[in-house]
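Breakdown of the fold
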Amino acid sequence: MFIDRAKIYIKAGNGGDGCTSFYTEKYVPNGGPDGGDGGDGGSVIICAADNIASLSEFRFGKHYRAENGTAGSGKNRHGKNGADLVLKVPRGTVVRDEETGGIIADLFYGGDSVTVLAGGKGGKGNARFKSSRRQAPGFSQKGEPTKEHSVILELKTIADVGLVGFPNAGKSTLLSVLTRANPKIANYPFTTLTPNLGVCATDDGNFTVADIPGLIEGASDGAGLGHTFLRHVERTRLFIHVVDVSAADGRDPVSDYNNVNTELFKYNAELKDVPQIIALNKCDSAPKENIQAFKNAVDGEIYEISAVTHGGIKELIRAAVNKLAVLPPLAPIEYEPYKYPDADPDAFTVARADDGAFVLGGEMIERLARTVVLEDRDSFAYFQRRLDDGGVTKALKKAGIKDGDTVRILDTEFMYES
Ligand SMILES: Nc1nc2c(ncn2[C@@H]2O[C@H](COP(=O)(O)OP(=O)(O)OP(=O)(O)O)[C@@H](O)[C@H]2O)c(=O)[nH]1
Ligand SMILES: [Mg+2]
């Protein structure tokens, strides 16, 4: 199944906790601190791979998680770093943050990759906190936890040539003639339900061709298969506009041509700037006067072809090659990359619990709580200094705290003393 849009949940690995440990050995009564650091969590990386054609692997909106770092241990053993998680998507995939819609990356070139979420840092073991004043630090740092985010993956196909036209005009037949692609072909409208891609090999090099579902009047308002597939020809350099000139089903080729263009330009006015070659298809069974009438009515570069007998195909390919040779290469979307914000390291909150306790939260408090061990006297003194310096004590006073009141941080409580 061809899937060109998916929402997934991603989370980088948490950092592993640092370890509190003291060197012990027979006959060595007071060994120093030897708690190792925790390992870093793995990052979430999204990468464009040329051998991936669709986003179907991501269709179930799963949760993707990079590995957590493991905790450090005694004897200065460092925890293991968590493995990165690399998600492979097709070239042309645009990655967006779901909440803000911000573009994180346009993975335009094969091999492009972006680190969407960085792994949490491992906590430091107590060995790192040894100093001349503090010979036996009885605390270590917790690993940095990470948050889950949801991102939207959207494929915007990149191809040299886009085949556009009314349903049943013969676009897929033409794709199968130009390239080795093997799309479904049938004599009814809306045979093609999802885009097909192929490579046309010529003596002057290769070009890629995208075939999309047929367009009808009102497509930009949702008629037929609507315009959702038009994003797959937004990034093409040249259109081959396929018109069924046989009018076998009683249609008027000129109005089909005009309607398709109207829908294209309604969807995105910039598509007016994409050059078009008109391929009058089914000339094997088209009355001569239809061809002439079309040429009289439409001003453009017109080729008479038959995708079934292959008449005129060589000339069409040559025209496409010549046009592409002078057209500029495609470029990625211009955007200011969205980056998940590092939480404000100085932010804190003071709230009042039902039982009257003053509850501290926010990034600053959480970081502090990871750094210090409230049960340890030295560590607690340091903690109090940081609360004073960071304006938390002041905020607690403003909230009406009195000596003897309870202050709660995560799952730890202590009594307030001014
Ligand atoms: N006589 C004749 N029939 C053709 C020619 N090209 C395509 N057809 C027929 O036209 C019908 C539609 O062809 P498709 O290639 O499926 O058309 P399409 O434009 O891809 O149609 P949708 O995917 O529905 O938009 C099929 O029965 C083809 O065999 C041609 O050059 N001559
Ligand atoms: Mg088709």
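Residues numbered from 1 in each chain as written. Chains lettered and ligands numbered in written order. Predicted model: local features only at pLDDT ≥ 70, side-chain atom pairs only at ≥ 80, totals over all residues. Heavy atoms only, no water.

Counting its regular elements, the chain contains seven helices and 18 strands. Taken against the 2.2 N^0.38 rule, which gives 22 Å for 418 residues, the C-alpha radius of gyration of the chain at 32 Å runs more than 25% over that of a compact globule. For the chain, the spread of C-alpha atoms along the three principal axes comes to 100 × 50 × 35 Å. The burial tally for the chain puts 48% of its 418 residues in the buried class. When contacts within the chain are restricted to residue pairs at least 6 apart in sequence, long-range pairs at least 24 apart make up 70% of them. Summed over all atoms, the accessible surface of the chain reaches about 21,500 Å², with 48% contributed by carbon and sulfur. (Helix = DSSP H or I, 4+ residues; strand = E, 2+ residues; numbered from the N terminus. Rg over C-alpha atoms; globule rule 2.2 N^0.38 Å. Buried < 20%, exposed > 50% of the residue type's maximum accessible area, 1.4 Å probe, protein only. Contact = heavy atoms within 4.5 Å. Areas by Shrake-Rupley, 256 points an atom, 1.4 Å probe, with all protein chains shown as cover.)

Attention now moves to the site of ligand 1. The immediate surroundings of ligand 1 are formed by 23 residues, with Thr173, Phe190, Thr191, Thr192 and Asp284 found nearest. Separating an oxygen atom of ligand 1 from a backbone N or O atom of Ala169 is a distance of 3.1 Å. Measuring from an oxygen atom of ligand 1, one finds a side-chain N or O atom of Ser306 at 3.2 Å. Protein chains shield 89% of the accessible area of ligand 1, which is 650 Å² for the free molecule. (Near = heavy atom within 4 Å. Polar contact = N/O pair within 3.5 Å; in protein donor to acceptor, adjacent residues only side chain to side chain.)

Put simply, a metal with four donors set out as a tetrahedron has ideal angles of 109.5 degrees, and one with six donors set out as an octahedron has ideal angles of 90 or 180 degrees. For the magnesium ion (ligand 2), the protein coordination sphere consists of Ser172 (OG) and Thr192 (OG1), at 1.9 to 2.1 Å. Residue Ser172 is found in helix H1 (residues 171-178), and its partner Thr192 is found in the loop between H1 and strand S10 (196-202); the two are separated by 20 residues along the sequence. Exposure remark for Thr192: the relative accessible area of 11% places this residue in the buried category. (Donors = N, O, S within 2.8 Å, 3.2 Å for Na, K, Ca; no water.)

So, about the packing of H1 against helix H4 (residues 313-326). The angle between the axes and the distance between the axes are what describe a pair of packed helices. At a minimum axis distance of 12 Å, the contact between H1 and H4 shows a crossing angle of 80 degrees. Our classification of the angle between H1 and H4 gives roughly perpendicular. When H1 is examined against H4, the residues Leu174, Val177 and Leu178 are found in contact with a partner set consisting of Ile313, Leu316 and Ile317. For the contact of H1 with H4, the per-class residue count stands at six nonpolar, no polar and no charged. (Axes fitted to C-alpha atoms, helices over the stretch in contact; angles between N-to-C directions. Parallel < 35°, antiparallel > 145°, perpendicular 65-115°, else oblique. Nonpolar A, V, L, I, M, F, W, Y, C, P; charged D, E, K, R; others polar.)

For the chain, the domain assignment lists domain 1 (1-155), domain 2 (159-326) and domain 3 (349-415). Centre-to-centre separation of domain 1 and domain 3, based on C-alpha positions: 28 Å. Counting residues at the interface gives nine residues for domain 1 and six residues for domain 3. Interface of domain 1 and domain 3: buried area, both sides summed, is about 690 Å²; carbon and sulfur atoms make up 55% of it. Along the contact surface separating domain 1 from domain 3 lie zero residue pairs in polar contact (both at pLDDT 80 or more). Split into classes, the residues belonging to the side of domain 1 that touches domain 3 amount to two nonpolar, four polar and three charged. (Domains from an automatic or database assignment. Buried area = accessible area lost by both parts, 1.4 Å probe.)

Here the focus is the side chain of Ser54. Note that Ser54 resides in the loop between strand S2 (44-48) and strand S3 (63-65). Taking relative accessible area as the criterion, Ser54 reaches 12% and is therefore assigned buried.

Tallied over the entire structure, the rule returns two cavities of 30 Å³ or more. Counted as a void, the largest cavity has a volume near 40 Å³. Lining the largest cavity, in full, are Phe166, Pro167, Asn168, Ala169, Asp244, Asp249, Arg251 and Asp256. Residues that form the lining of the largest cavity fall into these classes: three nonpolar, one polar and four charged. Phe166, His241, Val242, Val243, Asp244, Asp256, Tyr257 and Val260 together form the lining of the second largest cavity. Secondary-structure elements contributing two or more residues to the lining of the second largest cavity are strand S12 (236-244) and helix H2 (253-267). Sorting elements by how many residues they give to the lining of the second largest cavity places S12 first, with four residues. Classifying every residue of the lining of the second largest cavity by side-chain character gives five nonpolar, one polar and two charged. (1 Å grid on protein atoms, 1.4 Å probe; cavity = no way out; pocket = protein on both sides within 12 Å on 5 of 7 lines; lining within 4 Å. Points joined across faces, edges and corners; volume = space filled by probe spheres on them.)

Quick look at the environment of Thr24 now. Tracing the chain through its elements places Thr24 in the loop between strand S1 (5-11) and S2. On the basis of relative accessible area, Thr24 is assigned to the exposed category, the value being 63%. As for Thr24 and Ala127, which are separated by 103 residues in sequence, their C-alpha atoms are 14 Å apart.

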